[in-house]
Amino acid sequence: GDLRSGGGSVDVCRERLAGLVADIISTVEFNHTGELLATGDKGGRVVIFQREPESKNAPHSQGEYDVYSTFQSHEPEFDYLKSLEIEEKINKIKWLPQQNAAHSLLSTNDKTIKLWKITERDKRPEGYNLKDEEGKLKDLSTVTSLQVPVLKPMDLMVEVSPRRIFANGHTYHINSISVNSDCETYMSADDLRINLWHLAITDRSFNIVDIKPANMEDLTEVITASEFHPHHCNLFVYSSSKGSLRLCDMRAAALCDKHSKLFEEPEDPSNRSFFSEIISSVSDVKFSHSGRYMLTRDYLTVKVWDLNMEARPIETYQVHDYLRSKLCSLYENDCIFDKFECAWNGSDSVIMTGAYNNFFRMFDRNTKRDVTLEASRESSKPRAVLKPRRVCVGGKRRRDDISVDSLDFTKKILHTAWHPAENIIAIAATNNLYIFQDKVNSDMH
């Protein structure tokens, strides 16, 4: 199917100098309706985009996403006990299901999770009895009659306020947060532990997974990502740097160190190499919307697992197999440690993940077709149709093919998000956010 760019590149916030580290987008997340899209960056800022309503003049044109609110979520800190700087970079954002007119989201850096409330104000009260227009108290002797204050319309204001700060729960860096389907609790995971929090209680959390060995020299694996099941509030999964997934049931025990199911693919001895363990590390895990499947991303592949089958994944897709021969140089420039995310579409039929050279990949699970697309200013003029790209590995080269040796490894798409119901995707390419949407009447479902 064809995707066209909806509004091309959305410049995050305002025109800034390209390449500023603070502007590099570090997370992207749609809310539950897809009307809002939040991005976090290395400078500790959160930018929220809102989808404009469809215009009456062109009812078939999809609404564009425009900046709705920008706020500073985290500031750089210093841990004096450990003499460590704590970066302000936003690692993850998760929206809470909307329960009233306000929106709420959780944002986290390496150490501290914050709950933010986003509200709108388009009216202001006027005609107070005891205050004048500037808000100063009147001389009470001058008040001779009572009047009822009235609400007058004013320009829309979006107010963001911090409601809770969940601190001191983690010794190591937080890599993921996930809101439970009970809408009351959430969990946060670092390299060695996972904590369960109540959204209303900030001064304590319950440790539900602890894989820290008594002697740190015995440490063989770390937690890389974790997520709650979308429908069963007692189930969650966490992935490890050894390529395994552990499904845990909180009904079984308070401390879920003993998993209910272990999902692991046996290694093919013929493929064993120095890099095997590094490239098998799972960088992201996502439950399907149905709750039946899990999607994982490692360095070279995305895999779909059935919750009922632990022995091996039911589907494996090669993201960029042409890099298998380049692992040595990718190890030397540290790219082999890049953590790519993955995403499901709304119907769980297509999966998406990023790659290098500003490429991102889509795999249709039904037709088994896949496509490579590019998020760049050149290819993303507003309303332009994205052309599929191909990478060739020597030999005959077709026109428009890109040689594997000319790929730019500094341009990587780590963070992506898919609208929960429609074919609209958000792609973070370093410090630019691209929003693409399906062409009308396209055949990609």
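Residues numbered from 1 in each chain as written. Predicted model: local features only at pLDDT ≥ 70, side-chain atom pairs only at ≥ 80, totals over all residues. Heavy atoms only, no water.

- The name given to the chain in an unreviewed UniProt entry is Serine/threonine-protein phosphatase 2A 55 kDa regulatory subunit B, with Pan troglodytes as the source organism.

1. Here we look at the sheet that holds strand 16 (residues 223–228)
Argument step 1. Taking strand neighbours across the sheet as the criterion, the four strands line up as 16-17-18-19 in an open arrangement whose pairing is antiparallel. Edge strands, defined here as strands with exactly one partner in the open sheet, are strand 16 and strand 19 (261–263). For this sheet, the mean angle separating the axes of adjacent strands, direction not counted, is 20°.
Argument step 2. Where strand 18 (residues 245–249) and strand 19 come together, three bridges link them in antiparallel fashion. Looking across to strand 19, one finds that Arg246 is bridged to Leu262. (Pairing = 2+ DSSP bridges. Helix = DSSP H or I, 4+ residues; strand = E, 2+ residues; numbered from the N terminus. Axes fitted to C-alpha atoms, helices over the stretch in contact; angles between N-to-C directions.)

2. A look at the confidence of the model for the chain
Argument step 1. Across the chain, pLDDT averages 89, with 91% of residues at or above 70.
Argument step 2. The low-confidence segment residues 12–19, where pLDDT is below 50, has 15 contacts with residues more than four positions distant or belonging to other chains.
Argument step 3. Under a pLDDT of 50 for its full length, residues 441–445 has, in the predicted model, 14 contacts with residues more than four places off or in other chains. (pLDDT = per-residue confidence, 0-100. Contact = heavy atoms within 4.5 Å.)

3. Let's talk about the sheet that holds strand 26 (residues 359–364)
Argument step 1. The antiparallel open sheet is built from four strands, whose spatial order is 24-25-26-27. Among the strands making up the open sheet, the edge pair consists of strand 24 (342–344) and strand 27 (370–374). Across this sheet, the average inter-strand angle for adjacent strands is 20°, counted without regard to direction.
Argument step 2. Relative to strand 25 (residues 350–354), strand 24 is paired through three bridges, and the arrangement is antiparallel. If you follow Ala343 over to strand 25, its bridge partner there is Met352.

4. Remarks on the nonpolar core
Argument step 1. Grouped together as the largest cluster of nonpolar side chains are 30 residues, with contacts concentrated most on Tyr299, Val302, Leu323, Leu330, Ile351 and Leu407.
Argument step 2. Secondary structure elements with two or more residues in this core: strand 21 (293–297), strand 22 (301–306), helix 2 (327–332), strand 24 and strand 26.
Argument step 3. Ignoring sequence-local partners within four residues, the contact set of Leu407 consists of Tyr322, Leu323, Asn357, Phe359, Val391 and Ile402.
Argument step 4. One finds Val350, Phe360, Leu373 and Ile413 within the second-largest nonpolar core, a separate group that totals 16 residues. (Core = buried A, V, L, I, M, F, W, Y, C linked by side-chain atoms within 4.5 Å. Buried < 20%, exposed > 50% of the residue type's maximum accessible area, 1.4 Å probe, protein only.)

5. Observations concerning a nonpolar patch on the surface
Argument step 1. A grouping of Leu130, Leu137 and Leu140 is seen on the molecular surface, where their side chains present a nonpolar patch of about 340 Å² in accessible area.
Argument step 2. Within the secondary structure layout, Leu140 lies in the loop between strand 10 (113–126) and strand 11 (150–166). (Patch = residues over 30% accessible without salt bridge, like charges linked within 9 Å, V, L, I, M, F, W, Y side chains within 5 Å. Areas by Shrake-Rupley, 256 points an atom, 1.4 Å probe, with all protein chains shown as cover. Salt bridge = Lys/Arg side-chain N within 4 Å of Asp/Glu carboxyl O.)

6. Focus on the environment of Asp306
Argument step 1. Mapped onto the secondary structure, Asp306 falls in strand 22.
Argument step 2. Look at Asp306 and you get buried, because its relative accessible area is 8%.
Argument step 3. For the pair Asp306 and Glu29, spaced 277 residues apart in sequence, the C-alpha separation works out to 25 Å.
Argument step 4. Among residues more than four places away in sequence, those in contact with Asp306 are Phe263, Arg292, Tyr293 and Ile314.

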